[in-house]
Amino acid sequence: MVAQQTLSDGGRAGHVEPRADRRRLPQPLPLTLDGLFTSIAGRFPMARAVQEGQHHLFYGEAENRAVQLASALVRGGVQLGDPVIVHCADHRQAVVAQLAVLKAGGVCVPLPSALRGARLDRITDISGARVVLCSTVTRPVWSYRLMSWVLDDPATWSTIAAERPDRSLPRSGHTEAAYLLVSDADRQGVSGYLTDHRAWQQTLAARIRRVGGAHDGVIVHHPPVRTTTLPAMWWAFACGGTLHVPSRYGGATCSPAPKRDAAAVFGPDEYARLLQSLSGASHPDSRRLTVLIGGPCPRTVIDRHFEVLPRAPLWVEFAAADGAMPWTVQEFSPGKPGPECPGASRPLPGVHVQVVAPDGSPVPTGQTGEVRATGSSLPYAGIRSADGACLAGDTAPLLASGRLGRWRHDGTLEFRDPSTVPSSAARPRNP
């Protein structure tokens, strides 16, 4: 059975990947993330969902394994709304794990594979999770913490495959939590943020309308379940494309190589380091679309991008709080790389951005304050305490970015360097 093959193998050889024009996703999108994936898997089961170095995972294969794993989670006691930690060292394992948690009606708590020590205890306390889906290399850190399921252990899948799929699947709804993303830096006492399926779907739909589909796939150069990996992964899946990841054993390219028009997603700092390692002649004719998700992007990075990739469009999406859901966006086009201030961006649909004074009141256009936001395309609740108590229920909280900015007269938002503003405005207080 498929489930008896471990996620560390390279899949089956000899299959031909369908042409990109046969994998267009019909509109409207399904209401849940796992429903979106199921829709693609049902139409194109032999399309590649993940290409990780020389290894790959097909849509149909991932769907089957996720259903079996979700059934095992339900039989193991995971109930609707329960948090489940995903701590995998392999993108293919991480994809199956996330799909399974969502199908079981759980909430994904993704952790980078390198995470160790006291931070694991903190995240466990904040989330209230009792189960972790992990890999052989990450399993030892959970020995005395939680019940763990090792997804690259053949014995795990032999046990799971012996049981019939649960008929109650899938159990999640579009207004229920999909992810709990724990923040490294507490803002307003918040340690993590909950986002529902609806917010992710709205963000995906807005990116597809704005940037275009990712039918040729999306490239990432970082480990699984990072805050830049997640939006890249779901963007690829929403379009029936492939998530392309470099081999863990070296190199910054994927094999086989992604298609020419595949998009790439990075964090601004990560992209700056990558550009430093590339010469201007590395990809002189490339038109590959690049999306940066994270903090404001320095002008030097934008200029360097067009030196290395002169024909490649660049989109900069500012994301704060959980780091995965963008607040604002700005486009830089070949031959017209934008204004001198790269932080002049516009709020996205479903996001209401405010610039506020230290007392929380809105500041006039042109004056500097802290950038905050709320909306249906952002996290709907924050987690602050060790017992997992929510800050808010059905109403979206006002999220603090920790960044300074000001509204320009053209209606765009300009992020400011703290050194350019008075000291009284550089340290906004929490309301």
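Residues numbered from 1 in each chain as written. Predicted model: local features only at pLDDT ≥ 70, side-chain atom pairs only at ≥ 80, totals over all residues. Heavy atoms only, no water.

An unreviewed UniProt entry lists the chain under the name Acyl--CoA ligase, with Streptomyces nigrescens given as the organism.

Engineer: Give me the lowdown on the packing of helix α1 (residues 33-43) against helix α2 (residues 59-75), citing residues and values where you can.
Structural biologist: Running from N to C, α1 and α2 point in directions that differ by 130°, and their axes come no closer than 8 Å. The orientation of α1 with respect to α2, classified from their angle, is oblique. Note on packing geometry: the crossing formed by α1 with α2 is left-handed. Judged by residue contacts, F37, T38, I40 and A41 of α1 engage Y59, G60, A62 and E63 from α2. Along the lines of polarity and charge, the residues of the contact of α1 with α2 split into five nonpolar, two polar and one charged. (Axes fitted to C-alpha atoms, helices over the stretch in contact; angles between N-to-C directions. Helix = DSSP H or I, 4+ residues; strand = E, 2+ residues; numbered from the N terminus. Parallel < 35°, antiparallel > 145°, perpendicular 65-115°, else oblique. Left-handed = near helix turned anticlockwise from the far one by under 90°. Contact = heavy atoms within 4.5 Å. Nonpolar A, V, L, I, M, F, W, Y, C, P; charged D, E, K, R; others polar.)

Engineer: Explain the sheet that holds strand β15 (residues 346-347) to me, and be specific about the residues and the numbers.
Structural biologist: Pairing is mixed across the open sheet formed by nine strands, whose spatial order is β2-β1-β10-β9-β11-β12-β13-β14-β15. Both edges of this open sheet fall to β2 (55-58) and β15, since each of them pairs with a single strand only. Pairing of strand β14 (residues 326-332) with β15, which is carried by two bridges, proceeds in the antiparallel orientation. Looking across to β15, one finds that V329 is bridged to R346. (Pairing = 2+ DSSP bridges.)

Engineer: Please set out the sheet that holds strand β16 (residues 352-356) residue by residue, giving values where relevant.
Structural biologist: Hydrogen bonds between backbone atoms are what pair the strands of a sheet, whose relative direction is either parallel or antiparallel. The four strands are arranged β16-β17-β19-β20 in an open sheet whose pairing can be described as antiparallel. The two strands at the open ends of the sheet, each matched to only one other strand, are β16 and β20 (413-416). Neighbour to neighbour, the strand axes of the sheet diverge by 50° on average, direction disregarded.

Engineer: An account of unusual backbone geometry is requested, with residue identities and associated values reported.
Structural biologist: The amide bond that connects L169 to the next residue, P170, takes the cis arrangement and shows omega of -10°. With respect to the helices, strands and loops of the structure, P170 is situated in the loop between α5 (154-161) and β7 (177-187). Look at V225: it is not a glycine, yet its phi comes out positive at around 55°. Following the sequence through the fold, V225 ends up in the loop between β9 (218-219) and α7 (229-238).

Engineer: With reference to specific residues and values, describe the packing of aromatic side chains.
Structural biologist: Taken as a whole and assessed by the stated rule, the structure comprises eight aromatic pairs. Look at Y59 and F237: their rings are 5.8 Å apart centre to centre, the planes differ by 70°, and that puts the pair in the edge-to-face class. Here Y59 is found in helix α2, whereas its partner F237 is found in helix α7, with 178 residues between them in sequence. Judged by its relative accessible area of 0%, F237 falls in the buried class. Three or more aromatic residues joined by ring pairs form one cluster here, namely F37, Y59, W234 and F237. (Phe/Tyr/Trp six-rings, centres within 6.5 Å; stacked < 30°, edge-to-face > 60°. Buried < 20%, exposed > 50% of the residue type's maximum accessible area, 1.4 Å probe, protein only.)

Engineer: How would you summarise the confidence of the model for the chain if you had to cite specific residues and measurements?
Structural biologist: Per-residue confidence for the chain gives a mean pLDDT of 81; residues scoring 70 or more make up 77%. Below pLDDT 50 for its whole length, residues 1-26 participates in 65 contacts with residues either more than four positions away or in separate chains. When the criterion is pLDDT under 50, residues 388-394 qualifies, and its contacts beyond four places in sequence or with other chains add up to 15 contacts. (pLDDT = per-residue confidence, 0-100.)

Engineer: Explain the pattern of salt bridges residue by residue, including any values.
Structural biologist: Tallying each qualifying case throughout the model produces 15 salt bridges. Here R92 makes a salt bridge to D90, at a shortest N to O gap of 2.5 Å. On the basis of relative accessibility, which here comes to 2%, the residue R92 falls in the buried class. Its relative accessible area of 1% is what places D90 among the buried residues. Via salt bridges that share partners, R406, R408, D410, E414 and R416 belong to a single interconnected network. (Salt bridge = Lys/Arg side-chain N within 4 Å of Asp/Glu carboxyl O.)

Engineer: Hey, could you go over the nonpolar core for me, with residue numbers and the actual values?
Structural biologist: Y179, W234, W235 and F237 are the most contacted members of the largest nonpolar core, which has 88 residues in total. With near-sequence residues (within four places) excluded, W235 lies in contact with L204, R207, I208, V211, G212, G213, A214, V218, A263, V265, L289 and V291. V107, L111, L146 and I383 belong to the second largest nonpolar core, which has 20 residues in total. (Core = buried A, V, L, I, M, F, W, Y, C linked by side-chain atoms within 4.5 Å.)

Engineer: Which residues make up the side chain of R92, and what values go with them?
Structural biologist: On the secondary structure map, R92 appears in helix α3 (residues 91-103). Here D90 takes part through its side chain, which lies 2.5 Å from a polar atom of the side chain of R92. (Polar contact = N/O pair within 3.5 Å; in protein donor to acceptor, adjacent residues only side chain to side chain.)

Engineer: Any chance you could break down the pairing of strand β5 (residues 131-134) for me, citing the residues and the numbers?
Structural biologist: Here β5 shows two buried faces, one formed by V131 and L133 and the other by V132 and C134. Inspection of the sheet shows strand β3 (residues 83-87) paired to β5 by three bridges, in the parallel sense. The residue of β5 that forms the bridge with H87 is C134. With four bridges joining them, β5 and strand β6 (residues 147-150) adopt parallel strand pairing. Each residue of the ladder has a partner; that of L133, found in β6, is W149.

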